[in-house]
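One letter stands for each residue in the lines below.
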Amino acid sequence: MATATEHRTHDSHTHTHGEGCGHVAVPHGDHVDYAHEGHIHRVHEDHVDECASTGHAAHEGHTHTHGEGCGHVAVPHEDHVDYVHDGHRHAAHDGHWDDH
């Protein structure tokens, strides 16, 4: 599950993300993402970036169906909902689940 992330600075972001900041925290590779304002933020050096995968990474063998009441944290992400599962985010895509 190694996908590159695009470096998109989130301009004018004055909120400081971290433990206890009030946003859902999701471990993601070598950093922690925070769900905020309908997208995913990550702290990067002295600013905050949008954490967006640049590739398509299907989660093979994922038989669980995510949705309301599935037991996993739902995270609004742009035009869809990701679900925190197995230490990463899953998103529905063309009949399968992707790792985000």
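What you see is a predicted model, and the numbers here were worked out from it, not measured in a lab.

1. Re the confidence of the model for the protein chain
Here the protein chain averages 75 in pLDDT, while 80% of its residues score no lower than 70. Here residues 1-5 is a poorly scored stretch, pLDDT under 50, and it has 14 contacts once near neighbours within four places are set aside; other chains count.

2. Digging into the environment of glycine 18
One can find glycine 18 in the loop between strand S1 (5-9) and strand S2 (25-28). We classify glycine 18 as buried; its relative accessible area is 18%. Along the backbone, glycine 18 and valine 43 are 25 residues apart, and their C-alpha atoms lie at a distance of 8.7 Å.

3. Focus on the pairing of strand S8 (residues 88-93)
Of the strand pairs in this sheet, strand S7 (residues 80-85) and S8 are connected by 4 bridges, and their pairing is antiparallel. By the bridge assignment for S8, valine 84 is matched with arginine 89. Hairpin geometry of S7 and S8 is characterised by an intervening segment of 2 residues between the two adjacent antiparallel strands and by a positive phi of about 55° at aspartate 86. Where S8 and strand S9 (residues 96-99) come together, 4 bridges link them in antiparallel fashion. Looking across to S9, one finds that histidine 90 is bridged to aspartate 99. Hairpin remark: S8 followed by S9, antiparallel, with 2 residues in the connecting loop; positive phi at aspartate 94, about 45°.

Rules used in this analysis
- Residues numbered from 1 in each chain as written.
- Predicted model: local features only at pLDDT ≥ 70, side-chain atom pairs only at ≥ 80, totals over all residues.
- Heavy atoms only, no water.
- pLDDT = per-residue confidence, 0-100.
- Contact = heavy atoms within 4.5 Å.
- Helix = DSSP H or I, 4+ residues; strand = E, 2+ residues; numbered from the N terminus.
- Buried < 20%, exposed > 50% of the residue type's maximum accessible area, 1.4 Å probe, protein only.
- Pairing = 2+ DSSP bridges.

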